[in-house]
Amino acid sequence: MGYEWLALAAAGLWAVAALISVKPARHLGAFAYSRWRMFLVSLMLGGASLTTGGWQTLTESALPLLALSGLIGIFVGDTALFACMNRLGPRRSGLLFSCHALFSALLGLWLFGEQLGGWRLVGALLVLAGVMLAILFGRRGGAQDNEWEQVRGHLAIGIALGLTAALCQSLGAIIAKPVMMGGEVDAVSASGVRMGSALLAHCTLRLLRVPLAMPHHPINRRVLGMIGINGFLAMALGMTLILVALRQGDVGMVAILSSTTPVILLPLLWWHSGTRPALPAWAGALLATLGTALVLGMGGS
């Protein structure tokens, strides 16, 4: 499977996981939710790595980079994303988080000399334009009353958290790319190291009883189950697919294709809330689809 399809598959997994994450994230709070999710996913990835022997591919030089990637991309980035979602809802937080595609493309051009031209450049721009259009105009009249459309707290803080999450996602991918480029490090084991470093940071805050790290409400079986499903889809599968994609493709292109999550989320939100997205949102989805088709069609050029 080409890296383009891997990035799109990750975007689809993240869209499904986003719906599952809203209630448990608001029940526990961003820090406690992230900590539980990282704990469960660390067990999944660690078990898979031990079973397959993938941990033996990890080198001393790779470990510091993967750990740093996890601290920035997962510990800071994921926690900021869920804090943003708790304040602004999944649609608006998706808009802000999709900016990671632009950040990654610019960083890839600057640090790795990556090139994006011809029809692939046109396709990439269509994807970005479609994602922005789909979310900016994704709400119909009357949808404001939906609890997922309500703004909780200060809007500026939510925006800052979303942009922080996007930037950290980009930096995390940039840091991990040199490790994955060689093709020798097992992607599942690399994800496990990233997850473990982020979990260690979260547990440190919890042991220090930092107020932000304390749960809003006690966890229960239903919430734990939702966290487990979300973690498996978004992190155990989704983030591992991204690492595999980074092994084969440019950081910027992987980020652009994986940023289609908000477009994929449109019909899922319609199904869940019963409110059909506005016409410009569907136009944005069509633009993103055409752009993706161009990128995939020109993959060999």
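Just above sits the structure.
Below you will find a few notes about this structure. (Residues numbered from 1 in each chain as written. Predicted model: local features only at pLDDT ≥ 70, side-chain atom pairs only at ≥ 80, totals over all residues. Heavy atoms only, no water.)

Helix and strand counts for the protein chain stand at 11 helices and zero strands. Taken from the N to the C terminus, the helices and strands of the protein chain come in the order α-α-α-α-α-α-α-α-α-α-α. Counting all 301 residues of the protein chain, 53% fall into the buried class. Here the analysis covers contacts within the protein chain between residues at least 6 apart in sequence; of these, 91% occur between residues at least 24 apart. Accessible surface computed for the protein chain: about 13,200 Å², of which carbon and sulfur atoms make up 70%. (Helix = DSSP H or I, 4+ residues; strand = E, 2+ residues; numbered from the N terminus. Buried < 20%, exposed > 50% of the residue type's maximum accessible area, 1.4 Å probe, protein only. Contact = heavy atoms within 4.5 Å. Areas by Shrake-Rupley, 256 points an atom, 1.4 Å probe, with all protein chains shown as cover.)

In this section: the packing of helix α3 (residues 62-97) against helix α7 (residues 187-207). Taken N-terminus to C-terminus, the directions of α3 and α7 make an angle of 55 degrees; their axes are 7 Å apart at the nearest point. As the angle between them shows, α3 and α7 are arranged oblique. The two elements α3 and α7 meet at a crossing, and its hand is right-handed. Contacts from Leu 63, Leu 66, Ala 67, Ser 69, Gly 70, Leu 71, Gly 73, Ile 74, Phe 75 and Thr 79 in α3 reach Ala 190, Val 193, Arg 194, Met 195, Ser 197, Ala 198, Ala 201, His 202 and Leu 205 in α7. Taken together, the residues that form the contact of α3 with α7 break down as 12 nonpolar, six polar and one charged. (Axes fitted to C-alpha atoms, helices over the stretch in contact; angles between N-to-C directions. Parallel < 35°, antiparallel > 145°, perpendicular 65-115°, else oblique. Left-handed = near helix turned anticlockwise from the far one by under 90°. Nonpolar A, V, L, I, M, F, W, Y, C, P; charged D, E, K, R; others polar.)

Quick look at the pattern of salt bridges now. Tallied over the full model, the rule gives one salt bridge. A salt bridge links Arg 37 to Asp 78; its shortest N-O distance comes to 2.4 Å. Separated by 41 residues along the polypeptide, Arg 37 in helix α2 (residues 30-52) and Asp 78 in helix α3 bring together distant segments of the chain. (Salt bridge = Lys/Arg side-chain N within 4 Å of Asp/Glu carboxyl O.)

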